[in-house]
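What follows is the residue order along each chain.
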Amino acid sequence: MPVQRTLSIIKPDAVGKNVIGDIIRRFEENGLSVIAAKMVHLSAVEAGGFYAVHAARPFFADLCAFISSGPVLVLVLEGKNAVPLNRQLMGATNPKEAEAGTIRADHADSIDSNAVHGSDSEENAAIEISYFFSDLDLHSRG
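Residues numbered from 1 in each chain as written. Predicted model: local features only at pLDDT ≥ 70, side-chain atom pairs only at ≥ 80, totals over all residues. Heavy atoms only, no water.

Under the annotation held in an unreviewed UniProt entry, the protein carries the name Nucleoside diphosphate kinase and is attributed to Mariprofundus aestuarium. Annotation of the protein in UniProt includes, under Sequence similarities (unreviewed entry), the sentence "Belongs to the NDK family." Recorded in UniProt for the protein, the comment headed Function (unreviewed entry) runs: "Major role in the synthesis of nucleoside triphosphates other than ATP. The ATP gamma phosphate is transferred to the NDP beta phosphate via a ping-pong mechanism, using a phosphorylated active-site intermediate." (UniProt positions renumbered as here; feature names shortened; annotations may be inferred.)

Structure below.
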(Lines give C-alpha, C1' and ligand atoms only; values in the text may rest on other atoms or scores of the structure.)
Protein backbone atom coordinates (compact mmCIF):
# COMPACT_ATOMS: atom_id res chain seq x y z
CA MET A 1 0.00 0.00 0.00
CA PRO A 2 1.62 3.25 -1.12
CA VAL A 3 1.87 6.29 1.11
CA GLN A 4 -0.13 9.06 -0.52
CA ARG A 5 -1.13 12.64 0.15
CA THR A 6 -4.61 14.01 -0.37
CA LEU A 7 -6.39 17.29 0.17
CA SER A 8 -9.32 17.53 2.53
CA ILE A 9 -11.47 20.59 3.09
CA ILE A 10 -13.77 20.85 6.07
CA LYS A 11 -16.49 22.98 4.49
CA PRO A 12 -18.36 25.99 5.94
CA ASP A 13 -21.32 23.94 7.19
CA ALA A 14 -19.11 21.60 9.23
CA VAL A 15 -16.92 24.46 10.48
CA GLY A 16 -20.09 26.27 11.58
CA LYS A 17 -21.26 23.18 13.49
CA ASN A 18 -17.94 22.98 15.39
CA VAL A 19 -17.24 19.41 14.26
CA ILE A 20 -13.67 20.04 13.06
CA GLY A 21 -12.21 18.03 15.94
CA ASP A 22 -14.44 15.05 15.32
CA ILE A 23 -13.56 14.99 11.62
CA ILE A 24 -9.82 15.21 12.26
CA ARG A 25 -10.14 12.50 14.93
CA ARG A 26 -11.68 10.18 12.33
CA PHE A 27 -8.80 10.80 9.94
CA GLU A 28 -6.17 10.17 12.60
CA GLU A 29 -7.87 7.09 14.06
CA ASN A 30 -7.85 5.57 10.58
CA GLY A 31 -4.15 6.08 9.90
CA LEU A 32 -4.12 9.48 8.20
CA SER A 33 -1.79 12.18 9.50
CA VAL A 34 -2.42 15.90 9.12
CA ILE A 35 0.78 17.26 7.56
CA ALA A 36 -0.52 20.77 6.79
CA ALA A 37 -3.55 22.78 7.85
CA LYS A 38 -4.93 26.29 7.60
CA MET A 39 -8.22 28.09 8.07
CA VAL A 40 -9.18 30.27 5.10
CA HIS A 41 -12.23 32.16 3.89
CA LEU A 42 -12.16 31.83 0.13
CA SER A 43 -13.29 34.65 -2.09
CA ALA A 44 -15.62 33.83 -4.99
CA VAL A 45 -12.65 34.19 -7.36
CA GLU A 46 -10.49 31.80 -5.28
CA ALA A 47 -13.36 29.30 -5.09
CA GLY A 48 -13.78 29.52 -8.86
CA GLY A 49 -10.08 28.86 -9.34
CA PHE A 50 -10.15 25.85 -7.07
CA TYR A 51 -13.25 24.36 -8.72
CA ALA A 52 -12.25 25.40 -12.28
CA VAL A 53 -12.48 21.76 -13.41
CA HIS A 54 -16.26 22.04 -12.84
CA ALA A 55 -16.71 25.43 -14.58
CA ALA A 56 -18.94 24.04 -17.33
CA ARG A 57 -21.21 22.14 -14.96
CA PRO A 58 -24.61 23.55 -13.99
CA PHE A 59 -23.80 23.40 -10.25
CA PHE A 60 -20.56 25.44 -10.55
CA ALA A 61 -21.96 28.78 -9.35
CA ASP A 62 -23.73 27.20 -6.36
CA LEU A 63 -20.61 25.20 -5.47
CA CYS A 64 -18.46 28.33 -5.49
CA ALA A 65 -21.03 30.32 -3.52
CA PHE A 66 -21.24 27.62 -0.85
CA ILE A 67 -17.49 27.03 -0.39
CA SER A 68 -16.95 30.80 -0.12
CA SER A 69 -19.87 31.35 2.29
CA GLY A 70 -17.72 30.98 5.40
CA PRO A 71 -14.37 29.81 6.69
CA VAL A 72 -13.05 26.37 5.75
CA LEU A 73 -10.25 24.28 7.19
CA VAL A 74 -7.93 23.05 4.46
CA LEU A 75 -5.85 19.97 5.32
CA VAL A 76 -3.23 17.82 3.68
CA LEU A 77 -3.55 14.24 4.84
CA GLU A 78 -0.85 11.62 4.44
CA GLY A 79 -0.99 7.87 4.90
CA LYS A 80 -1.27 4.51 3.21
CA ASN A 81 -3.77 4.78 0.35
CA ALA A 82 -4.76 8.23 1.62
CA VAL A 83 -6.87 9.15 -1.43
CA PRO A 84 -9.29 6.19 -1.36
CA LEU A 85 -9.22 5.97 2.44
CA ASN A 86 -10.25 9.61 2.79
CA ARG A 87 -13.05 9.13 0.27
CA GLN A 88 -14.26 6.06 2.18
CA LEU A 89 -14.26 7.98 5.47
CA MET A 90 -16.18 10.87 3.87
CA GLY A 91 -18.96 8.69 2.46
CA ALA A 92 -21.17 9.34 -0.55
CA THR A 93 -21.58 12.94 -1.75
CA ASN A 94 -25.28 12.75 -0.94
CA PRO A 95 -25.45 12.19 2.83
CA LYS A 96 -28.75 10.31 2.41
CA GLU A 97 -26.79 7.69 0.47
CA ALA A 98 -23.70 7.76 2.71
CA GLU A 99 -22.90 4.67 4.74
CA ALA A 100 -23.66 4.93 8.47
CA GLY A 101 -20.69 6.16 10.46
CA THR A 102 -19.14 8.17 7.62
CA ILE A 103 -18.42 11.87 7.99
CA ARG A 104 -21.19 12.88 5.60
CA ALA A 105 -23.76 10.53 7.13
CA ASP A 106 -23.04 12.06 10.54
CA HIS A 107 -22.36 15.72 9.72
CA ALA A 108 -23.74 16.70 6.29
CA ASP A 109 -27.17 18.23 5.71
CA SER A 110 -27.59 17.79 1.96
CA ILE A 111 -25.84 16.99 -1.29
CA ASP A 112 -24.84 20.68 -1.44
CA SER A 113 -23.93 21.18 2.23
CA ASN A 114 -21.94 17.98 2.52
CA ALA A 115 -19.37 18.82 5.22
CA VAL A 116 -16.12 17.81 3.48
CA HIS A 117 -14.21 17.72 0.22
CA GLY A 118 -11.59 15.14 -0.67
CA SER A 119 -9.38 14.71 -3.72
CA ASP A 120 -10.62 12.04 -6.12
CA SER A 121 -7.22 10.88 -7.43
CA GLU A 122 -3.51 11.20 -6.70
CA GLU A 123 -3.15 13.49 -9.72
CA ASN A 124 -5.92 15.82 -8.56
CA ALA A 125 -4.61 15.67 -5.00
CA ALA A 126 -1.27 17.07 -6.16
CA ILE A 127 -3.02 19.87 -8.08
CA GLU A 128 -5.37 20.69 -5.19
CA ILE A 129 -2.62 20.62 -2.56
CA SER A 130 -0.51 23.04 -4.61
CA TYR A 131 -3.50 25.42 -4.84
CA PHE A 132 -3.30 26.01 -1.08
CA PHE A 133 0.17 24.94 0.07
CA SER A 134 3.81 25.16 -1.00
CA ASP A 135 6.24 22.29 -0.37
CA LEU A 136 7.59 24.28 2.58
CA ASP A 137 4.17 23.99 4.27
CA LEU A 138 4.08 20.17 4.19
CA HIS A 139 5.54 18.35 7.21
CA SER A 140 5.48 14.55 7.08
CA ARG A 141 5.45 12.97 10.51
CA GLY A 142 6.23 9.39 9.54
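J.: What is the right way to read the UniProt feature "domain: Nucleoside diphosphate kinase-like" (unreviewed entry) in the protein from this model?
T.: The residues that UniProt annotates with the feature "domain: Nucleoside diphosphate kinase-like" (unreviewed entry) are residues 3-140. Secondary structure content for residues 3-140 is 40% helix and 20% strand, while the C-alpha to C-alpha distance between its ends is 11 Å. (Helix = DSSP H or I, 4+ residues; strand = E, 2+ residues; numbered from the N terminus.)

J.: Explanation requested: helix α4 (residues 60-67) in the structure shown.
T.: Spacing of three or four residues puts side chains on the same side of an α-helix, whose turn is 3.6 residues. Regarding α4, the residues found buried are Phe 60, Leu 63, Cys 64, Phe 66 and Ile 67. With its buried residues spanning 165° around the axis, α4 presents them on a single face. Turned more than 90 degrees away from the buried face of α4 sit Ala 61 and Asp 62, all of them exposed. Where α4 is buried, its residues touch β1 (3-10), α1 (12-16), α3 (44-50) and β3 (72-80). (Buried < 20%, exposed > 50% of the residue type's maximum accessible area, 1.4 Å probe, protein only. Arc of directions from axis to C-beta. Contact = heavy atoms within 4.5 Å.)

J.: Quick question: what am I supposed to make of unusual backbone geometry here?
T.: A negative phi angle is the norm for most residues apart from glycine, just as the trans form is the norm for most peptide bonds. Although it is not a glycine, Asn 81 sits at a positive phi angle of roughly 50°. With respect to the secondary-structure elements, Asn 81 resides in the loop between β3 and α5 (82-90). The exposure class assigned to Asn 81 is partly exposed, which follows from its relative accessible area of 22%. Of note in this structure, Ala 115 is not a glycine but carries a positive phi near 75°. On the basis of relative accessible area, Ala 115 is assigned to the buried category, the value being 0%.

J.: So what exactly am I meant to see when it comes to the pattern of salt bridges here?
T.: Side chains bearing opposite charge may pair, as long as their charged atoms lie close to each other. In the structure shown here, the tally under the stated rule is seven salt bridges. Arg 25 is the salt-bridge partner of Glu 29, the closest N and O atoms lying 2.7 Å from each other. Here the residue Glu 29 and the residue Arg 25 both occupy positions in helix α2 (residues 20-29), the gap between them amounting to four residues, near one helical turn. Two residues, Arg 26 and Asp 106, come together in a salt bridge whose shortest N-O distance is 2.8 Å. Highlighted residues: Arg 26 in helix α2 and Asp 106 in helix α6 (residues 103-107), separated in sequence by 80 residues. What makes Arg 26 buried here is its relative accessible area of 12%. Three or more residues joined by partner-sharing salt bridges are found here, namely Asp 22, Arg 25, Arg 26, Glu 29 and Asp 106. (Salt bridge = Lys/Arg side-chain N within 4 Å of Asp/Glu carboxyl O.)

J.: Honestly, the nonpolar core in this entry has me stumped. Any pointers?
T.: Here is a general trend for soluble globular proteins: nonpolar side chains tend to be buried in one another's company. Of all hydrophobic cores here, the largest spans 21 residues; its most connected members are Ile 10, Ile 23, Ile 24, Phe 27, Leu 32, Leu 75 and Val 116. Listed by contribution, the elements that provide at least two residues to this core are α1, α2, β3 and α5. Discounting chain neighbours no more than four positions away, the residues touching Leu 75 are Thr 6, Leu 7, Ser 8, Ile 10, Ile 24, Phe 27, Val 34, Ala 36 and Ala 37. Listed in part, the 20 residues of the second largest apolar core include Val 40, Phe 50, Val 72 and Val 76. (Core = buried A, V, L, I, M, F, W, Y, C linked by side-chain atoms within 4.5 Å.)

J.: Explain the environment of Asn 30 to me, please; I cannot follow it from the model alone.
T.: With respect to the helices and strands, the residue Asn 30 is situated in the loop between α2 and β2 (33-40). According to the relative accessible area criterion, Asn 30 is partly exposed, its value standing at 39%. Sequence separation between Asn 30 and Ala 61 is 31 residues, and the spatial gap between their C-alpha atoms is 34 Å. Filtering out sequence-adjacent residues up to four positions away, Asn 30 remains in contact with Leu 85 and Leu 89. Engagement of the side chain of Asn 30 in a polar contact is seen with the backbone oxygen of Arg 26, the distance being 2.7 Å. (Polar contact = N/O pair within 3.5 Å; in protein donor to acceptor, adjacent residues only side chain to side chain.)

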